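# Coordinate analysis (summary)
Here is what each chain is made of, one letter per residue.
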Amino acid sequence: MREGQRRRVQRGLLGGLTLLIVASLWWVWHWQLTRETRDAIDHAESRLALYSSSLEGALQRFTYLPDLLARQPLVRNALSGDDTTPASRVNAHLARVAERSGAEAIYLMNDRGVTLAASNHDSPQSFVGHRYHYRPYFIEAMRGKQGEFFAVGSTTGRPGYFVSAPVYASGDAQRIIGALAVKISLESLQEDWRRADEKVLLSDANGVVILSSRPAWRFRRLGALDAAALETIRAQRQFVGNPLAPLGHRLADGSLLIGAAGVGERFFTQASPLGELGWTMHYLVPVRPLYASARNAVLASAAVWLALVLLGLWLRERQQRLRLRLREASIMREANERLEIRVAERTRELESAQAELVQAGKLAALGTMAAGIAHELNQPLAGIRTYAASGARLIERGRQSAAADNFQRIQTLSDRLATLIRQLKLFARKGGAREPVDLLARLDFVLELLGERLSRQDVALHLDLPDEASRPVWVAGDDIRLEQLLTNLLRNALDALREVDSPCLEIGVALEGERVVLTVTDNGPGIEAQTLKHLFDPFFTTKRVGDGLGLGLFISYGIVQDLDGRIRADNRPASQGGGAHFRVELPGLQGATPARPARKETLT
Ligand code: ADP
């Protein structure tokens, strides 16, 4: 996929995700608000039912009472006008009944509405003497009906529910002579609502709040009041001059706003009508907690979304990192493979170059060797030829003794040729036996051979050998080659000590772990740097013609290599006496047992 195309797809996905998130948050808001509102309304309805029934119960307790009292002769007689019943008796009776029934007040009015007796006759706010002809409950009673009315008491100023019944004359069941009224206080009911911390209202038929869990909402109107209604209220002195200001106003969504816009409280109202009085019970559900709950649900969903988005981003980041790591690993692998291929190629090239070099080296060595052998053979042969020719002439001339001298020289030259050939044969004899050989015994043997030369040159010999416990010192090889090695090293040292004032030869044998180390040190002139480079080359010699063949160290090197050892030559520092120092390391065979007794033969 191209970069631009991928970007477009990513942008599309991002847009889709944003839309999805917004839609889901909107849905959560709506769903939570609806659910909370439904729950609140369900709750409101159940509370309304409870409060309505408790109010109706409270009112019904008293509906029978006025009629019951109105039928009592004591009450009737009090209104009959014959004045046989003292008012004090009626007062006391009413006071007793009020106290027992729990009514706030019970009072008796004559046909003009003047109170003749009352349960609160002895209180400062006694109804006795007051006239209530304007009250609907009086009017209703005078019409022979039961009156029911809610109003603020014009004498006490305390609101209450009034129930009344007509009082008929004793002899005439059709003549109404007055009315008996019971005032019931609903304050305790209101107090219950307040204690339950619920917003409950009771409005009358005009929509005026007559009871409320909040005192400030009382005697406020819920809707509009027309002039006639206002006039009636005024005439009946129902609310004793209360201005009946509106409680709040309805908003477009049907909720009721109480207080100023912005700072007021909003409520959803649930209403339930109450019996024949035209009263309505209202339960107010505050809107703010519903919105708060919906908002919290949205916040919680937003948090979940945020967590999901972060998780997604983290997973994406991780995947990218993983992909990058895999790509790096594959790059590394490819680079390694390329490197290995190059190394293999290079190794092949080097191997073939080395093979060529070895081949060239072999040819060069063969050439050098052939030239050396030719040179070494040529000189004695030329001498032999010359001595033979001159010897023949000497015999012809009869000079026998001179000829004999020639034959002697020819023999010497032949011996030299034989020595050369023997050396070459030894060199050619590669890969001899590898059996345990006591190096010290071989050294003894060689020293014995060279004993005559040592004493002739007056050489001081220092031996530094392992103690008895470590003897014999076994090395892997064969007698002949080890003797040859020792002979070559010691002869070279003796050659170097020829012109030295106090010649000294030090021979050391030591055990270093698995290896046996042989050192030969003389205090001769030492080896020049130039000579050191070619020391182990075949036919390299600094000795006079006839003294050395230049094969000794070459052969020694071959022997040491053959025995898996190492040979090194250098000079001893002048501070320690100077001279040449040879060090030979050979693989040891400690603890080995010889397969045969040590050979005792002379090396020539
Ligand atoms: P050759 O003894 O026949 O010369 P070698 O191979 O044994 O051949 O020795 C090569 C050369 O190494 C000698 O000619 C000599 O110059 C040098 N050399 C060997 N051993 C010693 C020594 N101990 N001190 C000084 N030079 C030495």
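Residues numbered from 1 in each chain as written. Predicted model: local features only at pLDDT ≥ 70, side-chain atom pairs only at ≥ 80, totals over all residues. Heavy atoms only, no water.

## A look at the overall build of the protein chain
When helices and strands are counted, the protein chain shows 14 helices and 18 strands. Whereas a compact globule of 604 residues would reach a radius of gyration of roughly 25 Å, the protein chain reaches 72 Å, over 25% beyond that. In terms of its C-alpha atoms, the protein chain occupies a principal-axis envelope of roughly 220 × 65 × 45 Å. Counting only residues that meet the buried cut, the protein chain has 39% of its 604 residues in that class. The contacts of the protein chain with a sequence gap of at least 6 include a subset with a gap of at least 24, amounting to 62%. Looking at the protein chain as shown, the accessible area adds up to about 34,500 Å², and 55% of this sits on carbon and sulfur atoms. Taking the average place of the 76 positive charges on the side chains of the protein chain and the average place of its 67 negative ones, the gap between the two points comes to 8 Å. (Helix = DSSP H or I, 4+ residues; strand = E, 2+ residues; numbered from the N terminus. Rg over C-alpha atoms; globule rule 2.2 N^0.38 Å. Buried < 20%, exposed > 50% of the residue type's maximum accessible area, 1.4 Å probe, protein only. Contact = heavy atoms within 4.5 Å. Areas by Shrake-Rupley, 256 points an atom, 1.4 Å probe, with all protein chains shown as cover. Lys, Arg positive; Asp, Glu negative; His and termini not counted. Charge placed at Lys NZ, Arg CZ, Asp CG, Glu CD.)

## Topic: the UniProt feature "transmembrane region" (unreviewed entry) in the protein chain
Under the feature "transmembrane region" (unreviewed entry), the UniProt entry names residues 12-29 and 297-315. In residues 12-29, helix accounts for 100% and strand for 0%; the two terminal C-alpha atoms are 26 Å from one another. Structurally, residues 297-315 is divided into 100% helix and 0% strand, and its ends, taken at the C-alpha atoms, are 27 Å apart. (UniProt positions renumbered as here; feature names shortened; annotations may be inferred.)

## Regarding unusual backbone geometry
The linkage connecting arginine 471 with the following residue, proline 472, adopts the cis geometry, with an omega of -10°. Despite not being glycine, arginine 237 shows a phi value in the positive range, around 50°. Inspection of the secondary structure assignment puts arginine 237 in the loop between α7 (227-235) and β8 (249-250). The backbone of aspartate 564 shows a phi angle near 60°, a positive value even though the residue is not glycine. In this structure, aspartate 564 sits in the loop between α14 (552-562) and β17 (566-571). According to the relative accessible area criterion, aspartate 564 is partly exposed, its value standing at 48%.

## A word on the sheet that holds strand β2 (residues 115-118)
Spatial strand order, β2-β1-β5-β4-β3: five strands in an open sheet with antiparallel pairing. Where the open sheet ends on each side, the last strands, each with one partner, are β2 and β3 (147-152). Averaged over all pairs of adjacent strands, the angle between strand axes in this sheet comes to 25°, irrespective of strand direction. By the bridge criterion, eight bridges tie strand β4 (residues 159-168) to strand β5 (residues 176-184) in an arrangement that is antiparallel. (Pairing = 2+ DSSP bridges. Axes fitted to C-alpha atoms, helices over the stretch in contact; angles between N-to-C directions.)

## Examining the packing of helix α10 (residues 439-449) against helix α12 (residues 479-496)
Where α10 meets α12, the closest approach of the two axes is 9 Å, and the angle between their N-to-C directions is 55°. Classified by the angle their axes make, α10 and α12 are oblique. Of the two elements, α10 crosses α12, and the hand of that crossing is right-handed. Judged by residue contacts, Leu439, Arg442, Leu443, Phe445, Val446 and Leu447 of α10 engage Asp479, Leu482, Glu483, Leu486, Thr487 and Leu490 from α12. Among the residues making up the contact of α10 with α12, the classes are represented as eight nonpolar, one polar and three charged. (Parallel < 35°, antiparallel > 145°, perpendicular 65-115°, else oblique. Left-handed = near helix turned anticlockwise from the far one by under 90°. Nonpolar A, V, L, I, M, F, W, Y, C, P; charged D, E, K, R; others polar.)

## Considering the nonpolar core
Counting residues in hydrophobic clusters, the biggest one holds 56 residues, and the most contacted among them are Leu55, Ile106 and Leu180. Not counting residues up to four positions away in its chain, the partners in contact with leucine 180 are Pro66, Leu69, Ala70, Val75, Leu94, Ile106, Tyr107, Leu108, Val163, Ser164, Ala165 and Val167. Counting 45 residues, the second largest nonpolar core, distinct from the first, contains Leu490, Val516, Leu551 and Val560. (Core = buried A, V, L, I, M, F, W, Y, C linked by side-chain atoms within 4.5 Å.)

## A word on a nonpolar patch on the surface
Nonpolar side chains collect at one region of the surface, where Leu17, Leu20, Leu306, Val309, Leu310 and Leu313 lie side by side and expose about 510 Å² of accessible area between them. Counting only elements with at least two residues in the nonpolar patch, the list comes to α1 (3-63) and α8 (287-396). Broken down by element, the nonpolar patch gets its largest block of residues, four residues, from α8. Within the secondary structure layout, leucine 313 lies in helix α8. (Patch = residues over 30% accessible without salt bridge, like charges linked within 9 Å, V, L, I, M, F, W, Y side chains within 5 Å. Salt bridge = Lys/Arg side-chain N within 4 Å of Asp/Glu carboxyl O.)

## Some details on the site of the ligand
Around the ligand lies a shell of 19 residues, among which Asn492, Thr541, Thr542, Lys543 and Gly550 are the nearest. At 2.4 Å from an oxygen atom of the ligand is found a side-chain nitrogen or oxygen belonging to threonine 541. Protein coverage of the free-state accessible area of the ligand, which is 540 Å², stands at 92%. Taken together, the elements giving at least two residues each to the shell around the ligand come down to α12, α14 and β18 (580-587). With three residues, the top contributor of residues to the shell around the ligand is α12. The residue makeup of the shell around the ligand, split by class, is 10 nonpolar, seven polar and two charged. (Near = heavy atom within 4 Å. Polar contact = N/O pair within 3.5 Å; in protein donor to acceptor, adjacent residues only side chain to side chain.)

## Notes on the pattern of salt bridges
Taken as a whole, this structure holds 33 salt bridges when the rule is applied. For arginine 234, the salt bridge goes to glutamate 231, with nearest N and O atoms at 2.5 Å. Taken together, the residues span about one helical turn, with arginine 234 and glutamate 231 both in helix α7 at a distance of three residues. Judged by its relative accessible area of 54%, arginine 234 falls in the exposed class. When the shortest N-O distance is used, the salt bridge between arginine 321 and glutamate 317 registers 3.8 Å. One end of the pair, arginine 321, and the other, glutamate 317, are both in helix α8, four residues apart, so they sit about a helical turn from each other. On the basis of relative accessible area, arginine 321 is assigned to the partly exposed category, the value being 40%.

## As for the side chain of asparagine 120
For asparagine 120, the location among the structural elements is in the loop between β2 and α5 (136-142). Those residues within four positions of asparagine 120 in sequence are excluded, and the remaining contacts are Ala105, Gln125, Ser126 and Phe127.

## Here we look at the sheet that holds β18
If you trace the five strands from one edge of the open sheet to the other, you get β13-β15-β16-β18-β17, paired in mixed fashion. Strands at the two margins of the open sheet, each flanked by one partner only, are β13 (460-464) and β17. Along the sheet, successive strands turn relative to each other by an average axial angle of 10°, direction set aside. One ladder, built from six bridges, connects β17 with β18; its direction is antiparallel. The residue of β18 that forms the bridge with arginine 566 is glutamate 585. Lying over the sheet, α10 contacts β13, β15 (504-512) and β16 (515-522), oriented at roughly 170° with respect to β15. Strands in contact with α12 are β15, β16, β17 and β18; relative to β16, the strand with the most contacts, it is inclined by about 20°.

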